[in-house]
Amino acid sequence: LAGGPAPPPVSAGGRACGGPGAPAVPGREMEKGSGSPAAGGSCPQKNAEILSSQYGINLFLAGLLLTFAWAVHAVGISKSHLLSYLITLMLIQLLWMLWYLCRSCTQRRLIRDKDTHAGARWLKCGITLFAVITLILDSFKVGYYIDFSNCLSPTEGIFPVTHAAHTILQVYFLWCHAKDIIQSFKTLERFGVIHSVFTNLLLWTNGVLTESKHQLNEHKERLITLGFGNITIVLDDHAPQCNCTTTTLCSIFSQGIYYLYPFNIEYHILASTMLYVLWKNIGRKVEHHQQHKTPFKFHGITVGMIFGLIVLTSTIAVVVVYLIQIGRSKVKSELALTMFYLHAIFVLALMCTAGVVALLIYRLEDRSLDNSKNPARKLDAELLVGTAAGSWLLSWGSILAIICAQAHPKYTWYNLPYSVLVIIEKYIQNLFIIESIHREQEKANDDIKTLRIVTISRGSTLSLTPSYKEIYNGRATCDIGELPCLVSSSICTRESDGSGSANEETNQGNSPVMHSASEFSFYSRSSVADNKRRILKNIAAFLFLCNLSLWIPPAFGCRPEYDNGLEEIVFGFEPWIIVVNLAMPFSIFYRMHSAASLFEVNCKT
């Protein structure tokens, strides 16, 4: 398309894209700025994809090792080294995004392919909300640095400023270009996008580690109240070794930072997933069929919303009581754990029931699945199953601890049905969501468009009103070849057809009766389909609010896996804490990702 020579033919041995003895093809190694994917150019692009992915993985592993070294107080590694590495990665991404935005402005007249499944509006709104709270977090970090500036590294002041600029530009970039299918400078863009993906993953890892260390310190202090005195409590907080200039503000900043971290964590993982879809779409040949816009409507989901709001309200109340009571005394801590388990068991049982009902409705329907290739949909399904493994790991650990423990406090027995229900509920919910996003979107019913309203006048003449399809196309007549008949004996007449009156006289005796039977059959089928769709929408709305409800407890410090204490005795304190710290972030992300997927299911149903 760019005027270059044809690609080399495939040899008898099956080699393509060059090879030993293959002629050099100019223009193949470096795409032109205005070029489109050349025919047969998949091999260089596949190599570019592999190289960029390996670059991103090594970038991530280096940052992960640096993060781990800081967490375990490795000799010669300080927090300033980690922050310097993250600042460098963010600055490189900022330069790449500015270059991409400037190039997009200069090529505004070019028609670009778009992936209609990527970058949904509700997803952009969600990431914007998390980004706004992340900016508040950055402002708290700046205030914290100012108060402790005497003993903190300058990087701790530079990091939140750079992160705020990175957040603002990245959100703008995702709003404008999340749907792009890049067809020019593909090799360079692959490296830029994958750099952005792993930069966000490292920022997510840093947020998870910082928030987990804070939760671990609180957890160690609570264990004493539950009677686990044999566990050595060594606090591991990187507190500044100097006094704060204003004690009140320091307390507000230090406590507020940890309450805002869950939103920062969700922001970075959502940004990385959206950027990953953009990376997968580079050079992709998109099928030119537009996805129907499916706006969210509150109509018809009142029941699901009411029950979901009840669950959400009760969950917030349970979390508040839990955080107040846990750690006060042994009795209060056991009551708080019992209250949490009973509430969670009730909610999970309702969610399992709703998911089973939805799957049964799907079994009764005969609708095909959409198996077309779509990176966004494939990533959604993989994230659901992959992140659910975090909760399943914690649940199986709790089940084994209950079975193998020698002594069982009363509240630990509630942990058994809770852990079992967590496994079952996520299994059922994953089936429901994955099947929902793969089901073909319901098309407009042709019978509704071509429905005829039959009226019998005093003179026994049959008049047919124009259909919706005819009115839309500006016609007042109907074509026999285009319109399906509701009754086998009904005839679609033309105003200019002289035989119409004879046909009307022939069929006027039996047309009203047969039309009534057909109309009853049509409306009965339509009523059943509407009822099924209404039930599915209510179930999706209910599960959406339930997943938001179950995201709140672990995100804001209500973690019985920490406070139960039984798992630490069976597995050992350090091994179980490592398991929890690795699995909990995935469990938290699963709930938010499930809520986002269920919102999309509700819009499509």
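A few points on the structure. Everything quoted here is computed from the prediction, not taken from an experiment.

### Let's talk about the overall build of the protein chain
- Scanning the protein chain from N- to C-terminus turns up 17 helices and 2 strands.
- Within the protein chain, the fraction of its 605 residues that count as buried is 47%.
- In the protein chain, the proportion of contacts linking residues at least 24 apart, taken out of those at least 6 apart, comes to 84%.
- Summed over all atoms, the accessible surface of the protein chain reaches about 30500 Å², with 65% contributed by carbon and sulfur.

### Thoughts on empty space enclosed by the protein
- Evaluation of the coordinates by the stated rule reveals 6 cavities of 30 Å³ or more.
- Of the pockets and cavities examined, the largest cavity occupies roughly 320 Å³.
- Tallied by class, residues from the lining of the largest cavity come to 12 nonpolar, 7 polar and 4 charged.

### A short note on the packing of aromatic side chains
- Applying the stated rule across the entire model yields 18 aromatic pairs.
- On the basis of an interplanar angle of 55° and a centroid distance of 5.7 Å, the ring pair of Tyr 55 and Phe 191 is categorised as tilted. Taken as a pair, Tyr 55 in helix α1 (residues 42-71) and Phe 191 in helix α5 (residues 186-223) lie far apart in primary sequence, 136 residues in all.
- Judged by its relative accessible area of 28%, Phe 191 falls in the partly exposed class.
- Between Phe 340 and Tyr 341, the ring centres sit 5.9 Å apart and the planes meet at 70°, which makes this aromatic pair edge-to-face. Pair check on accessibility: Phe 340 and Tyr 341 agree, each one buried.
- Each member of the aromatic cluster is reached from another via a ring pair, and the members are Phe 130, Phe 263, Trp 551 and Phe 556.

### Details of the packing of helix α8 (residues 330-364) against helix α10 (residues 415-438)
- Packing of α8 against α10 brings their axes to within 8 Å, and their N-to-C directions diverge by 30°. Taken together, α8 and α10 sit at an angle that is classed as roughly parallel. Of the two possible hands of crossing, α8 and α10 adopt the one that is left-handed.
- Within the contact of α8 with α10, the residues separate by chemical class into 20 nonpolar, 4 polar and 3 charged.

### As for the nonpolar core
- Of all hydrophobic cores here, the largest spans 117 residues; its most connected members are Phe 173, Met 351, Tyr 418, Phe 432 and Leu 543.
- Of the residues forming this core, the biggest block, 16 residues, is contributed by helix α6 (residues 247-280).
- Residues in contact with Phe 173, not counting those within four places in the same chain, are Trp 96, Met 97, Tyr 100, Leu 101, Ala 178, Leu 275 and Leu 278.

### Observations regarding the state of the cysteines
- Evaluated as defined, the whole model comprises 0 disulfides.
- For Cys 105, which is in no disulfide, the shortest distance to another cysteine sulfur is to Cys 102 and amounts to 6.4 Å.

### Side note on the packing of helix α3 (residues 121-147) against helix α4 (residues 155-177)
- Packing of α3 against α4 brings their axes to within 9 Å, and their N-to-C directions diverge by 165°. The angle between α3 and α4 falls in the class roughly antiparallel. Along this stretch, α3 crosses α4, giving a crossing that reads as left-handed. Across the interface between the two elements, Arg 121, Lys 124, Cys 125, Ile 127, Thr 128, Ala 131, Thr 134, Leu 135, Asp 138, Lys 141, Val 142 and Tyr 145 of α3 pack against Glu 156, Gly 157, Phe 159, Pro 160, Val 161, His 163, Ala 164, Thr 167, Ile 168, Val 171, Leu 174 and Trp 175 of α4.
- Here the contact of α3 with α4 is composed, by residue class, of 14 nonpolar, 5 polar and 5 charged.

### As for the pattern of salt bridges
- For the coordinates displayed, the defined rule picks out 3 salt bridges.
- Glu 435 serves as the salt-bridge partner of Arg 363, at 2.5 Å between the closest nitrogen and oxygen. Residue Arg 363 is found in helix α8, and its partner Glu 435 is found in helix α10; the two are separated by 72 residues along the sequence.
- Residue classification places Arg 363 among the exposed positions, given a relative accessible area of 53%.
- A relative accessible area of 15% means that Glu 435 is categorised as buried.
- Between Arg 591 and Glu 425 there is a salt bridge, with its nearest N and O atoms 3.0 Å apart. Pair noted here: Arg 591 is in helix α17 (residues 573-604) and Glu 425 is in helix α10, with a separation of 166 residues, a long-range link.
- Glu 425 sits in the buried class, given a relative accessible area of 1%.

### Focus on the environment of Ile 77
- Looking at the secondary structure, you find Ile 77 in the loop between α1 and α2 (79-106).
- For Ile 77, a relative accessible area of 27% translates into the label partly exposed.
- Linking Ile 77 and Thr 67, residues 10 residues apart in sequence, is a C-alpha distance of 9.3 Å.
- In contact with Ile 77, other than residues within four places in its own chain, are Leu 66, Ala 69 and Trp 70.

### Describing helix α9 (residues 375-404)
- Along its 30 residues, α9 runs 43 Å from first to last C-alpha, staying within 8% of the 44 Å computed at 1.5 Å per residue.
- Within α9, the axis deviates most sharply at Gly 390, by approximately 25°.

### Things to note about a nonpolar patch on the surface
- Taken together, Leu 400, Ile 403, Ile 569, Val 570 and Phe 571 make up a surface patch of nonpolar side chains, about 440 Å² in accessible area.
- At the level of elements, α9 and α16 (566-571) are the ones that each hand at least two residues to the nonpolar patch.
- The greatest single-element share of the nonpolar patch, amounting to 3 residues, is contributed by α16.
- If you trace the backbone, Phe 571 turns up in helix α16.
- Accessibility expressed as a relative area gives 33% for Phe 571, which makes it partly exposed.

What counts as what
Residues numbered from 1 in each chain as written. Predicted model: local features only at pLDDT ≥ 70, side-chain atom pairs only at ≥ 80, totals over all residues. Heavy atoms only, no water. Helix = DSSP H or I, 4+ residues; strand = E, 2+ residues; numbered from the N terminus. Buried < 20%, exposed > 50% of the residue type's maximum accessible area, 1.4 Å probe, protein only. Contact = heavy atoms within 4.5 Å. Areas by Shrake-Rupley, 256 points an atom, 1.4 Å probe, with all protein chains shown as cover. 1 Å grid on protein atoms, 1.4 Å probe; cavity = no way out; pocket = protein on both sides within 12 Å on 5 of 7 lines; lining within 4 Å. Points joined across faces, edges and corners; volume = space filled by probe spheres on them. Nonpolar A, V, L, I, M, F, W, Y, C, P; charged D, E, K, R; others polar. Phe/Tyr/Trp six-rings, centres within 6.5 Å; stacked < 30°, edge-to-face > 60°. Axes fitted to C-alpha atoms, helices over the stretch in contact; angles between N-to-C directions. Parallel < 35°, antiparallel > 145°, perpendicular 65-115°, else oblique. Left-handed = near helix turned anticlockwise from the far one by under 90°. Core = buried A, V, L, I, M, F, W, Y, C linked by side-chain atoms within 4.5 Å. Disulfide = S-S within 2.5 Å. Salt bridge = Lys/Arg side-chain N within 4 Å of Asp/Glu carboxyl O. Expected span 1.5 Å × (residues − 1). Bend = angle between axes of the 7 residues up to and from the residue. Patch = residues over 30% accessible without salt bridge, like charges linked within 9 Å, V, L, I, M, F, W, Y side chains within 5 Å.

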